[in-house]
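# What the coordinates show
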Amino acid sequence: LNVSADLLAVAGLVTTWQPQDSALLRKPLAEAAGGDPHSGGDIFADEQDADYQTMLSWISGEVSP
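For the structure given in this document, a descriptive report is provided here.

The next subject is the overall build of the chain. Per the secondary structure count, the chain includes three helices and zero strands. Shown N-terminal to C-terminal, the secondary structure of the chain runs as helices and strands in the order α-α-α. By the compact-globule yardstick of 11 Å for 65 residues, the chain fits well, its C-alpha radius of gyration being 12 Å. By its C-alpha atoms, the chain is 35 × 25 × 20 Å across when sized along the principal axes. Contacts in the chain between residues at least 24 apart in sequence constitute 28% of all its contacts with a sequence separation of at least 6. About 4300 Å² of surface is accessible on the chain, with carbon and sulfur atoms providing 54% of the total.

This is the structure in structure tokens:
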């Protein structure tokens, strides 16, 4: 487990000034819920998904990794 490498890998996918617009959240969000199209499939059904909310809190700086 290399947390530093993981953080560097996602650094370009987050926008801390507008966390809800981060690709790290938009890509896995279902398109029907406003997510961006991609080939990885839906991970979050909507923005109320508990895991979506956890990631949003982390990007917002409300929780530590």
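Its place among the elements puts Ile43 in the loop between helix H2 (23-26) and helix H3 (50-60). Ile43 sits in the exposed class, given a relative accessible area of 56%. Ile43 sits 15 residues away from Pro28 along the chain, and the two C-alpha atoms are 4.9 Å apart. Not counting the four nearest positions on each side in its chain, Ile43 is found in contact with Pro28 and Asp49.

Among the structural elements, Asp42 can be located in the loop between H2 and H3. Distance from Asp42 to Gln53, taken between C-alpha atoms, is 15 Å for residues 11 residues apart in sequence. Asp42 has contacts with Pro28, Leu29, Ala30 and Glu31, leaving out every residue within four places of it along the chain.

Parameters at a glance
Residues numbered from 1 in each chain as written. Predicted model: local features only at pLDDT ≥ 70, side-chain atom pairs only at ≥ 80, totals over all residues. Heavy atoms only, no water. Helix = DSSP H or I, 4+ residues; strand = E, 2+ residues; numbered from the N terminus. Rg over C-alpha atoms; globule rule 2.2 N^0.38 Å. Contact = heavy atoms within 4.5 Å. Areas by Shrake-Rupley, 256 points an atom, 1.4 Å probe, with all protein chains shown as cover. Buried < 20%, exposed > 50% of the residue type's maximum accessible area, 1.4 Å probe, protein only.

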